[in-house]
Amino acid sequence: HICVAYEIVLSDGSVVTATEKENSDLFYAIPWSYGTLGFLVSAEIKIVPAKKYVKLNYQPTHSRQESIKVFEEASNDKSNDFVEGLMYSSEDAVIMTGTMTNDIEPDKVNCIGNYWKPWFYKYVEKILHKGPRIEYIPLRHYYHRHSRSIFWEIQDIIPFGNNVIFRYLFGWMTPPKISLLKLTQTEAITKLYEKHQIVQDMLVPMKYLNDSLDVFHKEYRNYPLWLCPMKLFKVPGFVKPASSKEEMYVDIGAYGEPKVENFIARDTIRRIEHFVTSVKGFQMLYADSYMTKEEFYKMFDHSLYNNLRDSIPNCKDAFSEIYDKVSYAARNS
């Protein structure tokens, strides 16, 4: 785990430190609690030495079986600093693995973050048809590889934004600030987004990745899909593996306009939520959730969380319960 200590202001005004050994229940309950146990004012985290570049290996795959095999092997390879997959169809993907380095081959340096460069996901799509390659990307550029295109949502905001002329003349102005977009959205536009856009991340066990991709294809038919590995450790808290030991999960991200006919956001997300629950997965709570409270409790382990809300003075009066804070169904009932 990266975080080793939290400093938290509780509902009674006291300031406490939570670590694995001090206030350990609070330490394990803070992740995913979304400010419903107290105000997090500082965190102590582990860091690793940074290097100037990421040596990035692009591996195109052209079948579902090959895509999953390459991605799973890369996710379990501890020599990789970075692992990511972009699914461009139900079968085709580019699996990317990276390691930090200071040693480069000058003719293979690609400064992907320069404003005149193609959007990263579009650039990677071309590699899908050209074969494997290795590049050296400046570290900061790599970390912001999806920033200019807001992953791939910007194609629905500025459809011509990846045009070479636009990039050279106006690329320095992108991406638009999300806060500005929200501030200037009318109620009608907001409702259109809710009906015709999907922004969801679901965390599923690696062993169910194939089934999950089938479900996402059937329900969304939205590509690219983002694949990002995440290991869950067997520790107390809101989110933990269903097995008795640590387990590798996959974050599947779906962003943009679904291509299925007669898409109805609420009905589709409800079906996805049921599937994710059935495979012992989790929904990322930044996104719209339509689960009932009972379903929410089934997906997330509330035992430690509820014990703390009962034991911390005035917690229930000061902070709403997490379901009421993150659930679209609860906020709009």
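See the structure shown above.
Notes on the structure follow. (Residues numbered from 1 in each chain as written. Predicted model: local features only at pLDDT ≥ 70, side-chain atom pairs only at ≥ 80, totals over all residues. Heavy atoms only, no water.)

Moving on to the packing of aromatic side chains. Counting across every chain of the model gives 26 aromatic pairs. With a centroid separation of 6.2 Å and 20° between ring planes, the pair formed by Trp 119 and Tyr 121 is classed as stacked. Side by side, Trp 119 and Tyr 121 carry an identical accessibility label, which is buried. Here the aromatic residues Trp 32, Phe 238, Tyr 249, Phe 282, Phe 296, Phe 300, Tyr 305 and Tyr 323 are joined through ring pairs into a cluster of three or more. Directly above the ring of Tyr 142 sits Arg 145, whose terminal nitrogen or CZ lies 4.2 Å from the centroid. (Phe/Tyr/Trp six-rings, centres within 6.5 Å; stacked < 30°, edge-to-face > 60°. Buried < 20%, exposed > 50% of the residue type's maximum accessible area, 1.4 Å probe, protein only. Lys NZ or Arg CZ within 6 Å of the ring centre and 35° of its normal.)

Bringing the pairing of strand 5 (residues 82–87) into the picture now. Most of strand 5 is tucked away, with 6 of its 6 residues classed as buried. Neither face of strand 5 is exposed, since Phe 82, Glu 84 and Leu 86 on one face and Val 83, Gly 85 and Met 87 on the opposite face are all buried. Linking strand 5 back to strand 6 (residues 93–101) in an antiparallel pair, the connection comprises 5 residues. With 3 bridges connecting them, strand 5 and strand 9 (residues 225–232) associate as antiparallel partners. Across the sheet, Leu 86 pairs through a bridge with Trp 226, a residue of strand 9. (Helix = DSSP H or I, 4+ residues; strand = E, 2+ residues; numbered from the N terminus. Pairing = 2+ DSSP bridges.)

Attention now goes to the sheet that holds strand 11 (residues 282–283). Pairing within the open sheet is antiparallel, and its 8 strands lie in the order 7-4-6-5-9-10-8-11. Two strands lie at the open edges of the sheet, namely strand 7 (133–138) and strand 11, each paired on one side alone. Sheet topology places strand 4 (residues 53–61) next to strand 6; 9 bridges connect them, and they run antiparallel. The partner of Val 54 across the bridge, within strand 6, is Met 100. Helix 2 (residues 64–76) rests against strand 4, strand 5, strand 6, strand 9 and strand 10 (247–256) of the sheet, and its axis sits at about 165° to strand 5. Against the sheet, helix 10 (residues 265–278) makes contact with strand 8 (198–205) and strand 11, and its axis sits at roughly 15° relative to strand 8, the strand it touches most. (Contact = heavy atoms within 4.5 Å. Axes fitted to C-alpha atoms, helices over the stretch in contact; angles between N-to-C directions.)

This paragraph deals with the sheet that holds strand 1 (residues 3–9). Pairing is antiparallel in the open sheet, where 3 strands are placed in the order 2-1-3. One side of each edge strand has no neighbouring strand; the edge strands of this open sheet are strand 2 (15–18) and strand 3 (39–45). Looking at each pair of strands side by side, their axes are set apart by 20° on average, direction ignored. Both strand 1 and strand 2 contribute to a ladder of 4 bridges, which runs antiparallel. Bridge pairing in strand 2 links Glu 7 to Thr 17.

Three or more residues of helix 12 (residues 303–311) are buried, namely Leu 304, Tyr 305, Leu 308 and Arg 309. The arc that holds every buried residue of helix 12, seen down its axis, measures 135°, which confines them to one face. More than 90 degrees from the buried face of helix 12, the exposed residues found are Asn 307, Asp 310 and Ser 311. Contact partners of the buried residues in helix 12: helix 1 (24–29), helix 13 (315–318) and helix 14 (322–326). (Arc of directions from axis to C-beta.)

Right, let's get into the environment of Trp 119. With respect to the element layout, Trp 119 can be found in the loop between strand 6 and helix 3 (120–128). With relative accessibility at 4%, the residue Trp 119 sits in the buried group. Here the alpha-carbon distance between Trp 119 and Tyr 136, two residues 17 residues apart in the chain, equals 17 Å. Dropping the residues within four chain positions of it, Trp 119 is found in contact with Arg 148, Ser 149, Ile 154, Gln 155, Ile 158, Gly 161 and Asn 162.

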